[in-house]
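Per-entry structural report
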Amino acid sequence: MNFRDFTPQHFLCRLDGKVATITLNRPERKNPLTFESYAELRDTFRALASADDVKVVVITGAGGNFSSGGDVFEIIGPLTEMKMPELLAFTRMTGGLVKAMRACPQPIYAAIDGVCAGAGAILAMASDLRYGTAEAKVAFLFTRVGLAGCDMGACALLPRIIGQGRAAELLYTGRNLGGVEAERWGFFNGLLPRESLVADVQAMAARLADGPTFAHGMTKTMLHREWAMDLDTAIEAEAQAQALCMATGDFRRAYEAFAQKQQPKFEGN
């Protein structure tokens, strides 16, 4: 996949250097998701595994909001008319989006302003790094529409980010988590001014993209896989992973640059 030539139908994409920015772009409705945009996002993150021109991804929303989640009239309404096989196909498809985000080798930054609710909060949760504004409002509001909080991996991922008790509160109540509290709880890695949010996150992503991207992909893989490992298994898995990184040209380039008192120029291999 050559990401520079990619033209999605349901959101915007832009490639600046080695950083791809995905922008949810229905600002008049606070960027809700539809059946089609769910599927296209899932397929996009799956394809990123073979996008050699992309080293880091930024996901954000247009018009001062991240995403209001599943569109009430285009998703929730039709779901009330579906039978169980169709419902299960939908929930597996939405879960497939989170799987694709966690499986793609590129680190994913989420730049979050305004409303970040429902499936929008899940997209933020599934990202590797989250930066928000003080004005951001995050809500896992599934209980407000009569559903369980266990949606798209929330009961697995959210407790690992903010802790079991805090995750339970958000998933039971569906309340808004303000930007300042989200940073204090560790859901946001940091707060940024809303006027420079996306540019600041893109700048951070560009710095990460200049690093040893093969090694970054390995870090992401191990952060994900080691959830289910005991310590001895994890240490052995990391020994093998680090040995692979030591066999890369980037490792040698870093050593040679250090010996010459220069900054290394990583090539991702």
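Our subject is the structure that appears above.
A brief look at the structure comes next. (Residues numbered from 1 in each chain as written. Predicted model: local features only at pLDDT ≥ 70, side-chain atom pairs only at ≥ 80, totals over all residues. Heavy atoms only, no water.)

Turning our attention to the overall build of the protein. Helices and strands together make up the secondary structure of the protein, namely 11 helices and 9 strands. Its C-alpha atoms give the protein a radius of gyration of 19 Å, near enough to 18 Å, the size a compact globule of 269 residues would have. With 269 residues in all, the protein has 45% of them scored as buried. Long-range pairs, those at least 24 residues apart, make up 69% of the contacts in the protein between residues at least 6 apart in sequence. Taken as a whole, the protein presents about 13600 Å² of accessible surface, with 56% of it coming from carbon and sulfur. Charge centroids of the protein, computed over 28 positive and 30 negative side chains, lie 2 Å from each other. (Helix = DSSP H or I, 4+ residues; strand = E, 2+ residues; numbered from the N terminus. Rg over C-alpha atoms; globule rule 2.2 N^0.38 Å. Buried < 20%, exposed > 50% of the residue type's maximum accessible area, 1.4 Å probe, protein only. Contact = heavy atoms within 4.5 Å. Areas by Shrake-Rupley, 256 points an atom, 1.4 Å probe, with all protein chains shown as cover. Lys, Arg positive; Asp, Glu negative; His and termini not counted. Charge placed at Lys NZ, Arg CZ, Asp CG, Glu CD.)

This paragraph deals with the nonpolar core. By size, the foremost hydrophobic cluster in this structure holds 53 residues, and its most contacted members are Tyr38, Leu41, Phe45, Leu123, Phe140, Leu158 and Phe187. For this core, the element with the highest residue contribution is helix α4 (residues 119-126), accounting for 7 residues. Setting aside residues no more than four positions away along its own chain, Phe45 makes contact with Ile22, Val57, Leu97, Ala100, Met101, Cys104 and Ile108. Counting 12 residues, the second-largest nonpolar core is a separate cluster that includes Val19, Val58, Tyr131 and Val201. (Core = buried A, V, L, I, M, F, W, Y, C linked by side-chain atoms within 4.5 Å.)

Okay, the side chain of Ser127 next. Position of Ser127 among the secondary structure elements: in the loop between α4 and β6 (129-132). Ser127 gets classed as buried once you look at its relative accessible area, which sits at 4%. Those residues in contact with Ser127 that lie beyond four places of it in its chain are Ile59, Met101, Arg102, Ile108, Tyr109 and Ala110.

It is worth spelling out the sheet that holds strand β4 (residues 108-112) at this point. Taken together, the 6 strands give an open sheet; going across it, the order is β1-β2-β3-β4-β6-β9, and neighbouring strands pair in mixed fashion. Edge positions in the open sheet fall to β1 (12-16) and β9 (190-191), since each of these has one partner strand only. Across 3 bridges, strand β3 (residues 56-61) lies against β4 in parallel orientation. Within the sheet, the bridge partner assigned to Val58 lies in β4 and is Tyr109. (Pairing = 2+ DSSP bridges.)

Taken together, the 3 strands give an open sheet; going across it, the order is β5-β7-β8, and neighbouring strands pair in mixed fashion. Each edge of the open sheet carries a strand with a single partner, namely β5 (115-117) and β8 (177-178).

This paragraph deals with the pairing of β6. Pairing of β4 with β6, which is carried by 4 bridges, proceeds in the parallel orientation. Within β6, the position partnered with Ile112 by the bridge is Gly132.

Here helix α3 (residues 84-103) crosses α4 at 20°, and the two axes come no closer than 9 Å. When the interaxial angle is binned, α3 and α4 end up roughly parallel. Between α3 and α4 lies a crossing of right-handed hand. Residue-level inspection shows Leu97, Val98, Met101 and Arg102 of α3 in contact with α4, the latter providing Ile122, Leu123 and Ala126. Of the residues contributing to the contact of α3 with α4, the split by class is 6 nonpolar, no polar and 1 charged. (Axes fitted to C-alpha atoms, helices over the stretch in contact; angles between N-to-C directions. Parallel < 35°, antiparallel > 145°, perpendicular 65-115°, else oblique. Left-handed = near helix turned anticlockwise from the far one by under 90°. Nonpolar A, V, L, I, M, F, W, Y, C, P; charged D, E, K, R; others polar.)

The next point concerns the pairing of β1. Bridge analysis of β1 against strand β2 (residues 19-24) gives 5 bridges, and the strand direction is antiparallel. Paired with Arg14 across the strands is Thr21, a residue of β2. The hairpin formed by β1 and β2 contains 2 residues between the paired strands, and Gly17 there has a positive phi angle of roughly 65°.

A separate point is unusual backbone geometry. Phi is mostly negative for residues that are not glycine, and the peptide bonds are mostly trans. Although it is not a glycine, Lys30 adopts a positive phi angle of roughly 65°. Along the chain, the position of Lys30 falls in the loop between β2 and α1 (35-47). Taking the relative accessible area as the measure of exposure, Lys30 reaches 40% and is therefore partly exposed. The backbone of Asn31 sits at a positive phi, close to 55°, despite the residue not being glycine. Along the polypeptide, Asn31 turns up in the loop between β2 and α1.

To continue, consider helix α8 (residues 197-209). In this model α8 runs 18 Å from its N-terminal to its C-terminal C-alpha over 13 residues, within 8% of the 18 Å that 1.5 Å per residue would give. Taken residue by residue, α8 has Leu197, Val201, Met204, Ala205 and Ala209 as its buried positions. Seen end-on, α8 carries its buried residues on one side only, within an arc spanning 140°. Of the surrounding secondary structure, the elements contacted by the buried residues of α8 are β2, β3, β4, β6 and α9 (213-225). (Expected span 1.5 Å × (residues − 1). Arc of directions from axis to C-beta.)

Function-wise, these values are silent; they only describe arrangement.
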